[in-house]
Amino acid sequence: MTTVLDADYLVVGAGASGLAFTDALVSYTDATVAIVDRRGDPGGHWCDAYPFVRLHQASAFYGVASMLLGGGRRQSAGPEAGLHERASGAEVRAYCSTVLDTLVATGRVAYVGGYEHVGAGMMRRLDDAGAASVRVRPGARIVDARFLSPTIPATSPPPFEVAADTTVLPVGRLDACLDASRLVIVGSGKTATDAVVHALGAGVDPGRITWVRPREPWMLDRAVAQPDPAVFTGMAAAVWESAARARSLEELFARLEDAGVMLRIDRAVTPTMAKTPTLARWELALLREVEDVARLGHLRRVERRGLSFEDGDVPLPPGAAVVHCAADGLPRPAPVPVWTTDAITLQPIRAGFPCFGAALIGYVEATRSDDHAKNALCPPTSYGDTRAQWAEMTVRGARSVAAYSREPDIRAWAREVHLNPARVPQGYASRAWDEARERIARADAAATRRLAELAGIAP
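Basis of the calculations
- All chains use their own residue numbering, which begins from 1 and follows the written sequence.
- At least 70 in pLDDT is required for a residue's local features to be given in this predicted model, at least 80 for side-chain atom pairs to be given and counted, and no such filter applies to totals for whole chains, interfaces and linings, which use all residues.
- For the side-chain quantities, the full set of heavy atoms in the structure was used; hydrogens and water were omitted.
- Any two cysteine sulfur atoms lying within 2.5 Å of each other are counted as a disulfide.
- Here, nonpolar core means buried Ala, Val, Leu, Ile, Met, Phe, Trp, Tyr and Cys residues that are tied together by side-chain atoms lying within 4.5 Å of each other.
- Each residue is placed in one exposure class: buried if its accessible area under a 1.4 Å probe, protein chains only, is under 20% of its type's maximum, exposed if it is over 50%, and partly exposed if it falls in between.
- Helix and strand assignments come from DSSP, with helices taken as H or I runs of at least 4 residues and strands as E runs of at least 2, each series counted from the N terminus.
- Any two residues having at least one pair of non-hydrogen atoms within 4.5 Å are treated as being in contact.
- Fitting a line to C-alpha atoms yields each axis, with helices limited to the stretch in contact; the angle taken between N-to-C directions then spans 0 to 180 degrees.
- Should the near helix be turned anticlockwise from the far one by less than a right angle, the crossing is left-handed, and should it be turned clockwise, the crossing is right-handed.
- Residues are sorted three ways: Asp, Glu, Lys and Arg are charged, Ala, Val, Leu, Ile, Met, Phe, Trp, Tyr, Cys and Pro are nonpolar, and all the rest, Gly among them, are polar.
- By definition here, a salt bridge exists when the distance from a side-chain nitrogen of Lys or Arg to a carboxyl oxygen of Asp or Glu is within 4 Å.
- Comment on the angle field: the value is read as roughly parallel under 35 degrees, roughly antiparallel over 145, roughly perpendicular from 65 to 115, and oblique elsewhere.

### Regarding the state of the cysteines
- Under the defined criterion, the tally for this structure stands at zero disulfides.
- Unpaired in this structure, cysteine 325 has its nearest cysteine sulfur neighbour in cysteine 177, at a distance of 9.5 Å.

In structure tokens, the structure reads:
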């Protein structure tokens with residue numbers, strides 16, 4: 001038996017992006033929406049995240065436009081006092097459940113949890129292949145909210161060989177091995193830095209940690225990526241001025257470091273990875289306590305006796321524990337048009353803020369009818385990985401902001417949406433903000449031209 005849902009849209013994926021799109025669409029239309037997800041609960045990859053995870057950005061930048069995550073509070077104590085709070089994984093999951101309940105309560109949103117979309121609006125229950133199926137009515141528009149779903153260690157095998165007599169633990173089980181004779185953290189990105197900070201905070205001696213870091217990462221100082229117009233615009237001005245003067249990618253990031261925008265763990269090594277999650281300086285100080293860093297290329301094989309790399313081997317003592325933090329994280333497929341005849345594919349629009357991009361796409365879908373015009377307003381932006389890709393992400397994101405900002409209603413909407421890092425509340429005034437805008441205007445032409453050149457794309 002097949003149940004047919006009378007819905008105008010089928011959103012595939014109940015993570016933050018799928019919810020943000022649905023929230024905006026339902027807020028500005030009377031459309032009906034079905035949301036399907038393989039998991040029983042909403043929240044996407046947060047349902048599988050490690051227990052000590054937190055948002056790396058301010059909570060205000062995450063979630064849906066109609067409901068502020070965390071209430072816009074600043075931290076009043078601890079090493080990040082004065083910065084805006086960052087929700088824990090449990091808080092994000094609870095928030096997503098509340099958002100979904102609120103959407104369902106409108107009577108225009110249905111949730112189909114524990115089902116997989118198999119195509120053409122047809123959904124199959126995962127726990128029993130022979131059970132009844134569900135589909136949306138013909139003509140319902142498909143919204144792909146999983147195009148850029150993160151890859152995380154809990155759901156991905158290690159990207160290296162593991163000997164049969166050896167155990168490699170995902171980062172979610174880090175607490176179970178904190179007493180190991182040696183703790184080996186494998187990975188260069190945010191998950192690995194979280195694991196090292198958590199282990200050190202739990203009392204692990206930094207001398208007992210080996211950090212397998214095949215690439216050095218550039219990270220964004222969390223203090224300059226805050227939901228405060230003067231702070232965020234000041235950071236953007238520093239980026240634009242650095243780009244306008246840079247003669248190479250190496251010089252660009254060196255200038256960004258000097259300007260207090262970018263951070264690197266080891267001052268003696270020039271990073272080549274630029275996914276640029278945010279990092280606080282207190283975390284940076286802890287990370288620098290770990291001195292045993294393996295930089296022998298990518299890890300190929302883990303055995304009880306040691307680690308085999310592209311460029312050498314590292315022995316391990318008996319009782320060592322290897323922790324897998326090496327999933328790719330945010331994917332980087334080639335961007336596709338958001339609106340096609342087959343689907344609406346959710347992607348970031350301004351650089352690095354996927355929830356804002358999804359909400360913007362929902363608003364544009366609600367207020368425009370021509371797909372060609374919608375695509376012109378919302379050209380997608382890929383995530384960065386290398387320094388050149390970061391430059392590309394930055395300049396394409398700036399072009400996208402310019403595109404949608406030409407429309408007065410979108411500009412007014414974006415000005416008030418807390419998911420927008422450049423949000424400026426009504427009546428806001430600040431001399432620092434005015435000066436930062438003037439700095440951006442002076443550097444704009446040279447910066448956008450230079451970023452395009454450094455990224456290897458058309459100016």
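Now that the structure has been shown, the text picks up again.
### A closer look at the nonpolar core
- Leu183, Ile185 and Leu252 are the most contacted members of the largest nonpolar core, which has 112 residues in total.
- Per-element tally for this core: the top contributor is helix H7 (residues 354–367), with nine residues.
- If near-sequence neighbours (up to four positions away) are discounted, isoleucine 185 is found in contact with Leu174, Ala192, Ala195, Val196, Ile209, Thr210, Trp211, Val212, Val323 and Cys325.

### Focus: unusual backbone geometry
- In this model, alanine 120 sits at a positive phi of 55°, which is unusual for a non-glycine residue.
- Examined against the element boundaries, alanine 120 turns out to sit in the loop between strand E7 (115–119) and strand E8 (122–125).
- Residue alanine 120 is classed as exposed on the basis of its relative accessible area of 83%.

### Some remarks on the packing of H7 against helix H10 (residues 408–416)
- Orientation of H7 relative to H10, taken along the N-to-C sense of each, is 145°, at an axis distance of 11 Å. Handedness of the crossing formed by H7 with H10: right-handed. Counted together, Phe356, Ala359, Leu360, Tyr363, Val364 and Thr367 of H7 and Asp409, Ile410, Trp413 and Ala414 of H10 form the full contact between these two elements.
- When the residues that make up the contact of H7 with H10 are grouped by side-chain class, the tally is eight nonpolar, one polar and one charged.

### Examining the pattern of salt bridges
- According to the stated counting rule, one finds 38 salt bridges in the structure shown.
- Between arginine 439 and glutamate 241 there is a salt bridge, and its shortest N-O distance comes to 2.9 Å. In this pair, arginine 439 sits in helix H11 (residues 431–455) while glutamate 241 sits in helix H4 (residues 229–245), placing the two residues 198 residues apart along the sequence.
- Judged by its relative accessible area of 19%, glutamate 241 falls in the buried class.
- Arginine 301 is the partner of glutamate 303 in a salt bridge, and the nearest nitrogen-oxygen pair spans 2.5 Å.
- Judged by its relative accessible area of 18%, glutamate 303 falls in the buried class.
- Here arginine 301 falls in the partly exposed class, since its relative accessible area comes to 23%.
- Through salt bridges with shared partners, one network takes in Glu80, Arg86, Arg222 and Glu283.

### Description of the packing of helix H5 (residues 249–258) against helix H9 (residues 387–405)
- Running from N to C, H5 and H9 point in directions that differ by 70°, and their axes come no closer than 10 Å. Between H5 and H9, the angle is such that the two are roughly perpendicular. Listed contacts from H9 to Leu249, Glu250, Leu252, Phe253 and Leu256 of H5 are Arg387, Ala388, Trp390 and Ala391.

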